[in-house]
Every structure is written in C-alpha cells, then in structure tokens.
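# Descriptive structure summary
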2 protein chains.
Amino acid sequence: MDWERVVRRLREGLRPDQVETDVVGRLVYGYDATWAEGMPDVVVHAESTADVAHVLRIANELRIPVVPRGGGTGLAGGAVPQGGICLNLVRMNRILALDPADGVAVVQPGVITRALQQAAEAHGLFYPPDPASLEMCTIGGNVATNAGGPRCLKYGVTRDYVLGLEVVLPGGEVLRLGGRVMKDVSGYDLKQLFIGSEGTLGVITEITLRLLPRPPARGALAIAFERLEAACEATVALLSSGILPLMVEFMDQITMRAVESFHPSGLPIHAEALLLLAADGEPAAVEANLQRMTSLMQSHGGQLLRTALDTGDALHTEELWEIRRHVSPALARLAPHKLSEDITVPRSRIPAMARRIREISQETGIPIALYGHIGDGNLHPTLLCDRRNPEEMARVARAAAAIFEAALALGGVLSGEHGIGTLKLDFVPHAFPPAILEKFWALKALFDPHGIMNPGKKLPMPRNWT
Amino acid sequence: MDWERVVRRLREGLRPDQVETDVVGRLVYGYDATWAEGMPDVVVHAESTADVAHVLRIANELRIPVVPRGGGTGLAGGAVPQGGICLNLVRMNRILALDPADGVAVVQPGVITRALQQAAEAHGLFYPPDPASLEMCTIGGNVATNAGGPRCLKYGVTRDYVLGLEVVLPGGEVLRLGGRVMKDVSGYDLKQLFIGSEGTLGVITEITLRLLPRPPARGALAIAFERLEAACEATVALLSSGILPLMVEFMDQITMRAVESFHPSGLPIHAEALLLLAADGEPAAVEANLQRMTSLMQSHGGQLLRTALDTGDALHTEELWEIRRHVSPALARLAPHKLSEDITVPRSRIPAMARRIREISQETGIPIALYGHIGDGNLHPTLLCDRRNPEEMARVARAAAAIFEAALALGGVLSGEHGIGTLKLDFVPHAFPPAILEKFWALKALFDPHGIMNPGKKLPMPRNWT
C-alpha cells in the first residue's frame, strides 16, 4: 500500500490535525482494555458525518481496513487495529438534542455514556444501560457492542433504547434508520443489524435513544452466603418470586477478598459469596421490595450485611456500589494479568455453571475469580495469570476453552455484553452451525462487499469453520 | 402451474386432512380483519417444523408463493393470499415450556396470545404485549408483525420479549436463532430481521419469550377534556413529568359517542376527548402514581370521571378496560365500512397530528374517528365509509394519503404496530429512500432468493419506486 498517497487523499477533505501519521500519535490507538495490541497505519479524527463518509469513500476504493474507535474500553480486542485506518470518533461528542417531550436524546457516537446519563438526569430523565466503563466509554461503542451493565436486569440492554441510527457504509453512503418514534413496523428494521455488529458493517455517526422517567427512589442490600451454591439458588428463587430487582450482582470469595484487601469495609471474607441487590421506583415500592428481597434471601441462608435507601439527593447506597466498582481494580492486583470472560447461561443453569468453573480452576490450576450480573445469567469468570509464563498461559487457554464449552453445553453463549472481537473468534464456529455462519458472511457482504470494515473481528474466516 | 402435481407432492409427507383443496375449505383462508380478499390454491395445515420444512422445500423448488397464516386478525392484508399455498400454523399451538426459573416461555407459533398470558399468570409471571385481538391472534403473527398494544407504553413491543426463534427458510433449511439467554452479543442478531418481517423471509416455527414477574397491583383513571388539544398537551406533559404509566389511551368525541351509544356507561359525550390512564406495580406505587396523574391531568383542564384500583383478585378496573374494548365494535356500527390506520409520530407532534387529521376530515368530507395509544404517539385514525360508493372511496383514498403524508412530514411512520401488508404498500416508497429500499430487497433475496415468501406484501416492487 502506498501510504503517502492514501494520506494525501485523506488530507484533501480534512484539516491537518485530523490525520495523524507519526508513530507516537498512532501508538496510543493500538490497544483497548484487553492485552490485545496492534498499530494503525494512520489515525483519522472524524468530526462530522461528512468526515466519516470521506474516509469510507477512500478506504473502500483503495481496499484499506477501517477500525472505528470510541473510548477504547472494549474487552474483546474489537477496536484494536492491525494496520489500516483507525477512525477515531471521540471528537464527535455532542448531545444534539435532549427532548423531554419526545422522551429522546439524539447524540453523536463519541458522547461518553456517563455524560448522556447526567444530561438526562438534569431533565428528570434516565438512560438505564450502565456498562462498568461508563465514565470513559462512548455511546457509539455501546451501540456497536450492544453494551449491558448491572441495571440491564430490570431495564434491558443498549439495543432496547436505540430508536434511530445514522450509519455510513463503505463507499460513503449515509443511511438514516428509524428516528424519534417509539413504534415502527414499516420496513425491515435495518438498525438492529448494526447494534452489536462491532464495527464490521459500517460506522455509526448519530444515535437516537429512548429515555425513561427517572425513578424517584433506589435502595440496595448486601447479603453474604456461606455457600456459593446457596447464593446461586437464592438468585434463581428470587427471580421467580414476583420481584423484578434493579440488579442482582454476585461476587465469589476470591473476588470479595480482593475487594476487602483493596479497600477494607468489613466484608465477611469467610463467606463463599456476596450478593448486591437493588430495587428502584416509587419510595414505598422500593422499601417493600427491599423487605421482600431480604426475607427471601434469609430464607435461603443469606445473612443481611447492609441495607441502604436513596431518596431525593441523599445517596446512601453509594457505599454499596463502591464495593462493586472496586472489583476490577482489586482483581488486577492479585496477579500480573487477568483475562475476563463474559459467558451467559439460562438463569436456572447458574449453579451448574458456577460449579463447573470451580472444577475448571482445580483441573487447570488457574485461579478463577467469579463475579457478574448473576440475575441475567451473565458471569465474568476472571482468570488470574502471568503472561510471561508460557506454560501457565497454555493452562489459561485450556481453562478459557473449557469455560466456553461448558457455557455452550448449558444452553449459554460466548458473550453477553463484551462482544467477540478477536479474543473469542476461535470459539465462534463452536457456537453457530455453518448455515448461520454463512448468513453472517452474506450479511457482511451486503453492507461491506470489499471487507474493509474492522476485518478479522467478530466473524471467523470461512476457512476456519468449513 | 400443475396444481394436481403440487398437491400430490405436498400430500407425500402429510396426512390427508392437512392438505385442503376444495373451494369451501380454501375460501375461509382468503381474508383477514381488513377488507382485503383473496384465495389460496391450496391450504396446508402444518403440525410441526418438519411439516413446514416439507412445504417450503416443494414451494421453493416449484416457485410457488407461500402465505404463512396465524389467527387471520391482521389489519394490513398481510396474510391474505393471492393464489399459492396458504400455510396455516394454528394447529402448532402448544406451549412447549413455561419455566419460571429461566423466566421464559417456549411456544409454537399458533399459540393464542391470551392463552400464553394466562399460562404465564398461573405461574405469577407476565407477558406484557397486548394487541387488541389478543383473544384470537397468535404469537407467531405477533412476532411477524412486531405487535404492540396499550401496555407497550411501559413495557415495549413484541420484539422486546423475543429471546429466540426457530425459522424455516425457503428450501426447508431450519435455523435456530438465540435461545434462553437474556443477553447475547456473540453473532449478528439474525432473529431481529424476522421480527416484523410479515412472513416475507421465512416461517417462524418456535419462539422463546422473556417473561416478567406479574405486577401485584394495577389502577386506572378515566379523564375527560373539553378540548382535544388539551388532552394531547396533557399527555405530552404527563410523559415528561417523571411518571411512566402502564398506558395512556385516547379517544376523540366521535369514538366516545360511538362507545356510549354501543354500551351506555355515562361517558361525557360533549367533551372532545377522553383519556384512559393506567399504572401498575407495587400497590403503594400505583396509588401514588394515580394521584399524581390525576393532579397533572386536572391542572391541564382534565375532569376526573372514574378511578379504579385492582389488588389481588379484585378487578375493579375491568369496567374501564371495557370502554376501550368497545371502540372497534362501536365504530363498526357507525358506517358500512371502516379503514383503520396506524400512524405513529414523535410524542411532541401528537397535537399537530390530531389537528391535521381534523382538517383532513373537513377537506375530504370523510368522518374520521381518532383513538389510539397516544402515549406512544401511535394513533388509529379510522375512516368511516361505504365501499359501495366509488366517489366516497376516492375521497377515502385522498384522506388516507393525506394522513400518511402528514405523519411522514412530522417525523412519523406509516405503521406503528399493524404492518404494511398490501394496504400501505403504495406509500412505502415515500417513507424510505431508494438506498434503503434496495437494502430491503437485498435482505429479502438473501433469505428468499426465489421470492416465494408472501410475495406482494411489505416491500413495494422496484418498478414502483425506481
């Protein structure tokens, strides 16, 4: 590839500072939140839909890979370039509209998730999806991975809030899909294909999101269980008892001990499991739900540690969320490296999955911390390891493969909210039959006939599964 | 077409009573709930996925149109055959699983919506979508049209509950898409394409649906407004006030008078508009919401007519739902025929849309009753007419076209929950640019290369828009 010529073409429609070619400038776009590494040949900082169309026209003509990028917080390697153009979208960070009457926000893809939530709250509104990286990740990335988070148990995932998308296709064509209406059955719902497509079909340049009224009150409980199985069983019982909690978050003993050592708060480190439960809504309903959840947990052997209720501006639950927020940094201190998986199983299979993960840890000798959104069946088994030890890394690979195999055998899936990226690519042919993989490729070809959009991500090459 | 040979081939894999060829037997499959009429050449009563695959293998080989059919309650002509095979799915009416632990139901497509709701309620669970025809329509049809209903304001549409689908493609290939997991980002989400596709891509043979806990209490209000605009404005104010009602249903004076004459219950027939509002959840929250909704409505000039609260088995709101349920039969008595449209606009445009519909009625001299799910911006302007009068029907066509034009101009869509079918086909090229229509056809070709699935529905032929 004649990169000088490519850069000259790119610069024709952009300001000089929008096209970055020096090594240092490019280096910082070669990572995400995993240990995947790469390097783009050029970085373009798009500032408008027209900029994106300009890049995709040139890239499509010259068959150059384009890797769209938001906050770089991905957990699957999806935004890590292996050459080509890194299309950075964080400068497109305007909230174009926040309309209480229509109940929508219209945003550019580079808006930080938390910024949208704050803007909505200022109008008494609420944007529920809350991926753990919400202080840094972008809405564009959230849509591209169909991001989740703890509150998805009650409120659903990013997909459930996307009413409209503007997307740019390879070649530069701009499609506007959906809009400010709450219900629409007037065509095939093309926007659904782009949600969760991990940048492999086109580039999302504008998003219309549904907002809800902000619930006036929120409360939370922390409950400890002597036995991990009892915590799993209590969760399944709770979710078939008539209550829809805001969230049911789980952490096992390894995770809890790491959190307690990171930031001591008196967690019962001899217990095998901790559940954080929350409810939101009208104050009276929240109080009633907290009481019912407490009794139910206690009847399954749970021990109430703390309870807290927010009303108005008094945020007494903060201390409980902090326990959850410390999980990732706390686990990071236990070993030089960690590999965080994202399997999801049907709710009733949570106890079986938790048991199997403990067996896998014993079989491979790899410590596995287990935590996650247990109410959704979405668990993050986290393999603690040292990448400098090849023998250990071989066992990590075996453990990860065994976890995927167990999840699929229990009717589960490889990823609930992180995506496939490059890290889980090899397992995709085990998760889908060839007939479905063929359709994936046919869809890909429909929007991206030359395969320039984020190649090598999400979809395994046909030679790897036929 | 040599129909004797086709019928012989179809009968090879089926029992004699599954293949119907006599005129009387076929006649009853030539209608839906509109005035569209047609006639299939043969009716096949499928009883299994294998039966469906058998039919689609033969139909694909011989290029015979296949029209899948559920309850025949559609409001857009989508299930009305113009020759070919009517594939009747109502015998596939088993609830295969209802699993409180996983929070799902697995059903065949011919299950009646109300039957699923009752089965869920027996387990303390709740399936929210509630199209008006729920006593007769099938879940398969609900998925194929992405059906809505009053409760969708709070709980979303059918799409929001579909976790998994089994579909049979032309040629007989069976794909299983999704399953019992609440979160899945491991491939392109193919099932989304089939939801709302009106039988044009393949046949849905099994559906896995998410169920919610059944809310313990429900309450409702009836509020009258002297002026229609005030009712519209009160709705917009309510939905940006921090409350998420279960539903906000609207009827105008024509509709209210029709209901009162059909079944007198003391409705204030001199008022221009009636709103039915409902809330559900914990009893204390429902009471608080009803009070807040009442004050807010009154502050916009609304007059409280009735209020009712259900708790446990005491269903005091029944009387209020009855008012809503009488709308369709009551309007049917006002004129020999009626044409019920289904436009949706952004919430803030509801007053403008209502004004425009009144103007259109005056301009064309066609009485138009207006009612619908005003909280979603989804209105059903109902044109009252006599099909035997060609001059009047020309004015009906003009009025319908003007309604679609106004909805599109206000950022709305042709259909919120009924679908396109044949009745709105001519307006689709006004709603989508050619670039999007081309993608619709490319998607269609991907799943149905010979165009046998429900031809002439949903997608206008390219010659009509290029």
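Residues numbered from 1 in each chain as written. Chains lettered and ligands numbered in written order. Predicted model: local features only at pLDDT ≥ 70, side-chain atom pairs only at ≥ 80, totals over all residues. Heavy atoms only, no water.

### Brief notes about the packing of helix α1 (residues 3-12) of chain A against helix α3 (residues 49-62) of chain A
When two helices pack together, their arrangement is given by the angle between the helix axes and the distance between those axes. Residue and element names in this part refer to chain A. Using the following cut-off: To get an axis, fit a line to the C-alpha atoms, keeping to the stretch in contact for a helix; angles then go from 0 to 180 degrees between the N-to-C directions. The numbering of helices and of strands both runs from the N terminus, where a helix is a DSSP run of H or I of at least 4 residues and a strand a run of E of at least 2. Roughly parallel covers angles under 35 degrees, roughly antiparallel covers those over 145, roughly perpendicular covers 65 to 115, and oblique covers all other angles. For a crossing to be left-handed, the near helix must be turned anticlockwise from the far one by less than a right angle; the clockwise case is right-handed. Whether two residues are in contact is decided by their heavy atoms, any of which lying within 4.5 Å being enough. Three categories are distinguished: nonpolar for Ala, Val, Leu, Ile, Met, Phe, Trp, Tyr, Cys and Pro, charged for Asp, Glu, Lys and Arg, and polar for the others, with Gly belonging to the last.
For the pair α1 and α3, the least separation of the axes is 9 Å and the interaxial angle reads 150°. Between α1 and α3, the crossing angle belongs to the class labelled roughly antiparallel. Judged by the sense of rotation from one axis to the other, the crossing of α1 with α3 is right-handed. Residue-level contacts link Arg 5, Val 6, Arg 9 and Leu 10 of α1 to His 54, Val 55, Ile 58, Glu 61 and Leu 62 of α3. The class makeup of the residues in the contact of α1 with α3 is five nonpolar, one polar and three charged.

### As for the environment of A:Gly302
All names here are of chain A. To be explicit about the condition: Buried residues are those whose accessible area, probed at 1.4 Å on protein chains only, stays under 20% of the maximum for their type, while exposed residues exceed 50% and partly exposed ones sit between those limits.
As for its placement among the helices and strands, Gly 302 is situated in the loop between α10 (283-299) and β15 (303-311). Take Gly 302: its relative accessible area is 10%, and that puts it in the buried class. Placed 71 residues apart in sequence, Gly 302 and Ala 231 show a C-alpha to C-alpha distance of 7.4 Å. Those residues within four positions of Gly 302 in sequence are excluded, and the remaining contacts are Ile 223, Ala 224, Phe 225 and Met 297.

### Description of the packing of aromatic side chains
Residues and elements named next belong to chain B. The test is simple: The pairing test for Phe, Tyr and Trp rings, Trp by its six-membered ring, is centres within 6.5 Å, and the orientation test on the planes gives stacked under 30 degrees, edge-to-face over 60, and tilted for anything in between.
For the coordinates displayed, the defined rule picks out twelve aromatic pairs over all chains. Relative to Phe 447, the ring of Phe 194 has its centre 5.2 Å away and its plane inclined at 80°; by these criteria the two rings are edge-to-face. Taken together, the residues span a long stretch of sequence, with Phe 194 in helix α7 (residues 191-194) and Phe 447 in helix α16 (residues 434-447) at a distance of 253 residues. Judged on exposure class, the residue Phe 194 and its partner Phe 447 are both buried. An angle of 50° between the planes, with centres 4.5 Å apart, marks the rings of Phe 404 and Phe 427 as tilted. Linking Phe 404 in helix α14 (residues 390-409) with Phe 427 in the loop between α14 and α15 (428-431), this pair joins segments that are 23 residues apart in sequence.

### Quick notes on the sheet that holds strand β12 (residues 217-225) of chain A
Hydrogen bonds between backbone groups are what pair the strands of a sheet, and the pairing can be parallel or antiparallel. Residues and elements named next belong to chain A. Quick reminder of the rule: Pairing between two strands requires that DSSP report at least two bridges joining them.
Strand order in the open sheet formed by seven strands is β15-β12-β14-β13-β17-β18-β16, and the pairing between neighbours is antiparallel. This sheet does not close on itself; its edge strands, each paired only once, are β15 and β16 (337-340). Neighbour-to-neighbour, the strand axes of the sheet open up by a mean angle of 15°, direction not taken into account. Relative to strand β17 (residues 368-373), strand β13 (residues 247-252) is paired through two bridges, and the arrangement is antiparallel.

### Points about the pattern of salt bridges
Where charged atoms of side chains with opposite charge meet at close range, the side chains can pair. Convention followed: A pairing counts as a salt bridge when a side-chain nitrogen of Lys or Arg comes within 4 Å of a carboxyl oxygen of Asp or Glu.
Using the criterion set out here, one finds 58 salt bridges over all chains in the structure. B:Arg159 serves as the salt-bridge partner of A:Asp189, at 3.4 Å between the closest nitrogen and oxygen. Taken together, the residues A:Asp189 in the loop between β9 (174-178) and α7 (191-194) and B:Arg159 in the loop between α6 (152-155) and β8 (162-168) connect one chain to another. You can call B:Arg159 buried: its relative accessible area is 11%. The salt bridge involving A:Asp376 is made with B:Lys183; its shortest N-O contact spans 3.6 Å.

### Concerning the UniProt feature "domain: FAD-binding PCMH-type" (unreviewed entry) in chain A
To be explicit about the condition: UniProt positions are given in the numbering used here, feature names are shortened, and annotations may be inferred rather than shown by experiment.
Here, the residues flagged by UniProt with the feature "domain: FAD-binding PCMH-type" (unreviewed entry) are residues 36-214 of chain A. Span residues 36-214 of chain A is 22% helix and 25% strand, its end C-alpha atoms 38 Å apart.

### A closer look at the nonpolar core
This is how it is decided: The criterion is simple. A nonpolar core is a set of buried Ala, Val, Leu, Ile, Met, Phe, Trp, Tyr and Cys residues joined through side-chain atoms within 4.5 Å.
By size, the foremost hydrophobic cluster in this structure holds 232 residues, and its most contacted members are A:Met353 and B:Met353. Among residues more than four places away in sequence, those in contact with A:Met353 are A:Ile343, A:Val345, A:Leu379, A:Ile403, A:Ala406, A:Ala407 and A:Leu410.

### Structural notes on the pairing of strand β14 (residues 273-281) of chain A
Residues and elements named next belong to chain A. Within β14, nine of the nine residues are buried, leaving the element largely enclosed by the surrounding structure. Residue alternation in β14 divides its side chains into two sets, Ala 273, Leu 275, Leu 277, Ala 279 and Gly 281 and Leu 274, Leu 276, Ala 278 and Asp 280, and both sets are buried. Note: β12 against β14, nine bridges, orientation antiparallel. Note that in β14 the partner of Ala 224 across the bridge is Leu 274. When β13 meets β14, the two strands line up antiparallel, connected through six bridges. The residue of β14 that forms the bridge with Met 251 is Leu 274.

### A word on the interface of chain B and chain A
Where we set the bar: As used here, buried area is the combined drop in accessible area, with a 1.4 Å probe, of two parts when they are placed together. Contacts described as polar in this section are N or O atom pairs within 3.5 Å, which, within protein, must combine one atom able to donate a hydrogen with one able to accept it, while residues neighboring in sequence count only if both atoms come from side chains.
Each partner contributes residues to the interface: chain B has 78 residues there, and chain A has 79 residues. Taking both sides of the interface into account, the surface hidden between chain B and chain A amounts to around 6,300 Å²; carbon and sulfur atoms contribute 65%. Looking only at chain B, the three residues that lose the most surface to chain A are B:Lys183, B:Val185 and B:Tyr188, adding up to 17% of its buried area. Here chain B is connected to chain A by eight salt bridges. Here chain B and chain A share 18 residue pairs in polar contact (both at pLDDT 80 or more) between them. Where the side of chain B that touches chain A is concerned, the elements lending two or more residues are β9 (174-178), α7, β11 (212-213), α8 (228-239), α10 (283-299) and α16 of chain B.

### Describing helix α4 (residues 113-122) of chain B
Residues and elements named next belong to chain B. The criterion, for reference: Taking the helix axis as origin, the arc is that swept by the directions to the C-beta atoms.
Within α4 the residues assigned to the buried category are Thr 113, Leu 116, Gln 117, Ala 119 and Ala 120. All buried residues of α4 fall inside an arc of 165° around its axis, so they share one side. On the buried face of α4, the contacting elements are β5 (95-99), β6 (104-107), β7 (125-126), α5 (139-145) and β10 (203-210). Residue Gly 124 follows α4 closely and has a positive phi angle near 75°.

### Structural notes on the domain arrangement of chain A
Residues and elements named next belong to chain A. Selection rule: Each domain's extent was defined by an automatic or database domain assignment.
Split into domains, chain A comes out as domain 1 (1-214), domain 2 (217-325), domain 3 (335-418) and domain 4 (427-464). With centres defined by C-alpha atoms, the gap from domain 1 to domain 3 works out at 29 Å. In this assembly, ten residues from domain 1 lie in contact with twelve residues from domain 3. Interface of domain 1 and domain 3: buried area, both sides summed, is about 940 Å²; carbon and sulfur atoms make up 61% of it. At the surface where domain 1 touches domain 3, the tally comes to zero salt bridges. Our count for the domain 1 to domain 3 interface comes out at one residue pair in polar contact (both at pLDDT 80 or more).

### A few points about the sheet that holds strand β10 (residues 203-210) of chain A
All names here are of chain A. What the five strands build is an open sheet, ordered β5-β6-β10-β8-β9; its pairing is antiparallel. Of all the strands in the sheet, just β5 (95-99) and β9 have a single pairing partner and so form its edges. Neighbour-to-neighbour, the strand axes of the sheet open up by a mean angle of 10°, direction not taken into account. Bridge analysis of strand β8 (residues 162-168) against β9 gives five bridges, and the strand direction is antiparallel. By the bridge assignment for β9, Gly 164 is matched with Gly 178.

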